[in-house]
Amino acid sequence: MVAAQRALAASPEFALIDDPYAAALVRAVGMDIYTRLVDGQIPVAADSEFIPERMARGMACRTRFYDQFFLDAARGGIAQVVILASGLDARAYRLPWPTGTVVYEVDMPQVIEFKTSTLSSLGAEPTAERRTVAVDLRDDWAAGLQEAGFDRRASSAWSAEGLLVYLPNDAQDALFDRITELSAPRSRLAFEFVPDTAIFTDERWRSHHDRMRELGFEIDLNELVYHGQRSHITDYLSRAGWQISSQTIAEVYKANGFDYPDDELSRAIADLTYISAVLGRY
């Protein structure tokens, strides 16, 4: 789903981001609804949330946030990058990494294998040294990361893009504890979160989901996310020594030159927050 939206944002029609691999990865997965989305075959009404340009802008904002985060970190001298739950993310292949950058991708073995083989069949070559860590995040991923060569004495840049809503609170905090333990001073961290996931049980979201089902989208995020308030995250990380910067989704839209949509669903998720942090421990 995320890759399909990235493909829209990267399409010649919109050209909002540079991702030459997203569409090919979606087609390789072969899920009909997402292939049709990428190919412009989903019929949408003029007042629908599924207007392709709207979806492209939303994913462009998210993608640009993380792209800029990583490039800023790399230009600041950080040569060790960790992408948690990397999925179909192709940043190791498409960003202009400085020479010597090592990108660690952490995800399930079958996800890593699929993406690696698909991109290889396309003739794609990483633009950094790509090291994969094929492990379930519920297992000892930190050990796998260090076995792959991760150096906890060197500063690193971490991302947890689109991940937190799928973790219960305890697992989320344990994830950040482990990141902090592995991070040297001046390490950086980026993620986004929904302060209260009750939105996924809200009638405004349920109406949105019903319209999604009519178009062929079967997955109900309400059944995948862990519910509850997550507003403690910034305080939690601050106590662990991270210096926090935050932007609401509307502020990220504005920074990218877009107007944030003014409708019920957009207002319902307007407190989605993008976080970047620097570890100030010395």
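Residues numbered from 1 in each chain as written. Predicted model: local features only at pLDDT ≥ 70, side-chain atom pairs only at ≥ 80, totals over all residues. Heavy atoms only, no water.

For the record, the criterion: UniProt positions are given in the numbering used here, feature names are shortened, and annotations may be inferred rather than shown by experiment.
An unreviewed UniProt entry annotates the chain as S-adenosyl-L-methionine-dependent methyltransferase of Mycobacterium simiae. Under the Function (unreviewed entry) heading, UniProt states for the chain: "Exhibits S-adenosyl-L-methionine-dependent methyltransferase activity." The Sequence similarities (unreviewed entry) comment attached to the chain in UniProt states, word for word, "Belongs to the UPF0677 family."

### So, the overall build of the chain
How we decide: Secondary structure elements are defined from DSSP: runs of H or I of at least 4 residues count as helices, runs of E of at least 2 residues count as strands, and each element is numbered from the N terminus. Only heavy atoms matter for contacts: two residues are in contact if any of them lie within 4.5 Å across the pair. Residue exposure ignores everything except the shown protein chains as possible cover, and the areas themselves are Shrake-Rupley values with a 1.4 Å probe.
Each helix and strand in the chain was counted, giving 12 helices and seven strands. When contacts within the chain are restricted to residue pairs at least 6 apart in sequence, long-range pairs at least 24 apart make up 75% of them. Taken as a whole, the chain presents about 13100 Å² of accessible surface, with 49% of it coming from carbon and sulfur.

### Here we look at the packing of aromatic side chains
Geometry of an aromatic ring pair is reported as the spacing of the ring centres plus the angle between the planes. The cut-off we apply is this: Pairing of aromatic side chains requires ring centres within 6.5 Å, counting the rings of Phe and Tyr and the six-membered ring of Trp. Pairs whose planes differ by under 30 degrees are stacked, by over 60 edge-to-face, and all others tilted. Any residue under 20% of the maximum accessible area for its type is buried, any over 50% is exposed, and the rest in between are partly exposed; the area is computed with a 1.4 Å probe on protein chains only.
A full pass over the atoms with the stated rule returns 11 aromatic pairs. When the ring of Phe176 is compared with that of Phe191, the centres are 5.0 Å apart and the planes differ by 50 degrees; the resulting orientation is tilted. With a gap of 15 residues between them, Phe176 in helix H8 (residues 169-182) and Phe191 in strand E5 (residues 188-193) connect regions that are remote in the sequence. Phe191 sits in the buried class, given a relative accessible area of 0%. Ring pairs connect the aromatic residues Tyr104, Trp141, Phe150 and Trp158, which therefore count as one cluster.

### A closer look at the side chain of Gln80
The following threshold applies: Under this definition, polar contacts are N or O atom pairs within 3.5 Å; protein pairs additionally need one hydrogen-donor-capable and one acceptor-capable atom, and for neighbouring residues in sequence, both atoms have to be side-chain atoms.
One can find Gln80 in strand E1 (residues 80-84). Of the polar contacts made by the side chain of Gln80, one reaches the backbone oxygen of Ala154; its length is 3.4 Å. Contact partners of Gln80, with chain neighbours within four places excluded, come to Val102, Tyr104, Gly149, Phe150, Asp151, Ala154, Ser155, Ser156 and Ala157.

### Overview of the nonpolar core
As a reminder of what qualifies: Throughout, nonpolar core names a set of buried Ala, Val, Leu, Ile, Met, Phe, Trp, Tyr and Cys residues whose side chains join them through atoms within 4.5 Å.
One finds Trp141, Leu145, Trp158 and Phe191 to be the most contacted residues of the largest nonpolar core, which totals 83 residues. It is helix H4 (residues 52-75) that provides the largest number of residues to this core, a total of 11 residues. In this view, Phe191 contacts Phe65, Tyr66, Ala160, Leu164, Phe176, Ile233, Leu237, Thr273, Tyr274 and Ile275; residues no more than four positions away in its chain are not counted.

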